[in-house]
Amino acid sequence: MSFATVPRHVIRAARLARPTRFFSTSLPARYENVLVSRPEPGVALITLNRPKALNALNAAHFRDIASALKEADDDAGVGAMVLTGSDRAFAAGADIKEMKDKSFSEAYSSNFLSNWDVISKLNKPVIAAVSGYALGGGLELALQADILLVSPSAQLGQPEINLGVIPGGGGTQRLARLIGKSRTMELVLTGRIIGADEAERWGLVSKVVPEDVGVVNAAVQMAASIADKGRVAVTAGKEAVNAAFELSLAEGLRFERRLFHSLFATKDQKEGMAAFAEKRKPEWSHS
C-alpha cells in the first residue's frame, strides 16, 4: 500500500485552504468509515470518513470503500460515482500503525494489496474529487478513478521512500503511464509532494476546480452529466479508453471499432440517432 508522512508546512497550507464543499442528504448509514449519498439523480457520492486520521486507509476503511463502490456499481439507478474525502484530506496514505510490524512472509503469502485495484474493475465511471492530501495509498486510490478533479489545496505525492519502501498499490505503474518515466522517478525516489497547479501542468489531473465552485460540486455535476447519457454507451466508452493502456494502437483501433459496431444492436443507438434527426432530447432505456 502506500504510506505517508505529512510535513508540517503541508499541514499548515492545507488548513489555510478550505474549498467550497458540496453537501447533500445522506442515505441511512451502513458503513463505519464512509458516507454514501445521492446528491443528484443517477449519482452516488461516496465520502471517506476517518477525519481524525486524515482518512488514512486501514483494512476496515478499505473494505467499506470497496463495498460502497461495488454496491453503487451494481445499482441500476446509478450512472456514475464520485469518490471524495474531507477538506483537509482525500486520504493521507495508509495507516502505518496497522502494517509496520508485517513480515515479508506475511505480506507475500497473503498477496498483500492484491485487492487494491477495486475502482479499476468497476463498470461505471468514477470521478475522484480531491482536496488536501492525497498521499501514498491515497493518491493510488485516486489514480484508479476515471476522472480526477482537484481543489487548489490538493497535495499529491508518493512519499513511501521516506519509510523505507516504495508504492505498492499501483503508484509506480499508473503514474508512469500518466506523466512519464522521469517525473514518476522524481516523485517515487524523492518523495516530493506537488501542488494542484503542478499536477495539472503535468497532466496528472483533469483540472483544478476554483474554490468558489467547489471540487465536489464540480464532480457531482460532471457525474450527473454522465449519468444522463445512455449507460451502455458510457460503459463501452470507458472500456475503450482503458484498453488504450493495454493494447497496441492497431489492436486498440480494432477493439474500438468492434465496440462501436456492437452499439448498433442497442435500443439506445436507435433512440439517440432518431432523437438527433427529430431534434428532440433522447429518452434512454439503457438497453
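Residues numbered from 1 in each chain as written. Predicted model: local features only at pLDDT ≥ 70, side-chain atom pairs only at ≥ 80, totals over all residues. Heavy atoms only, no water.

Below, the discussion takes up the layout of surface pockets. Taken as a whole, the largest pocket spans an internal volume of roughly 850 Å³. Taken together, 30 residues form the lining of the largest pocket, with Gln144, Ala145, Asp146, Asn242 and Phe245 sitting closest to its centre. Ranked by residue count, the leading element in the lining of the largest pocket is helix 10 (residues 231-243), at 7 residues. Taken together, the residues of the lining of the largest pocket sort by class into 14 nonpolar, 10 polar and 6 charged. (1 Å grid on protein atoms, 1.4 Å probe; cavity = no way out; pocket = protein on both sides within 12 Å on 5 of 7 lines; lining within 4 Å. Points joined across faces, edges and corners; volume = space filled by probe spheres on them. Helix = DSSP H or I, 4+ residues; strand = E, 2+ residues; numbered from the N terminus. Nonpolar A, V, L, I, M, F, W, Y, C, P; charged D, E, K, R; others polar.)

A few words on the sheet that holds strand 2 (residues 43-48). With mixed pairing, the 6 strands of this open sheet are ordered in space as 1-2-3-5-7-10. Only two strands of the sheet have a single neighbouring strand rather than two, namely strand 1 (34-40) and strand 10 (207-208). Judged from the 5 bridges that link them, strand 1 and strand 2 form a sheet pairing that is antiparallel. Note on strand 2: the bridge partner recorded for Leu35 is Thr47. (Pairing = 2+ DSSP bridges.)

On to helix 7 (residues 181-190). Within helix 7, the full set of buried residues consists of Thr184, Leu187 and Val188. In a view along the axis of helix 7, the buried residues occupy a sector of 90°, so they form one face of it. Structural note: helix 7 exposes Ser182 and Leu189 on the side pointing more than 90 degrees away from its buried face. Those residues of helix 7 hidden inside the fold are in contact with helix 6 (171-179), strand 9 (193-195) and helix 8 (196-202). Positive backbone phi, at 75°, marks Gly191, one or two positions downstream of helix 7. (Buried < 20%, exposed > 50% of the residue type's maximum accessible area, 1.4 Å probe, protein only. Arc of directions from axis to C-beta. Contact = heavy atoms within 4.5 Å.)

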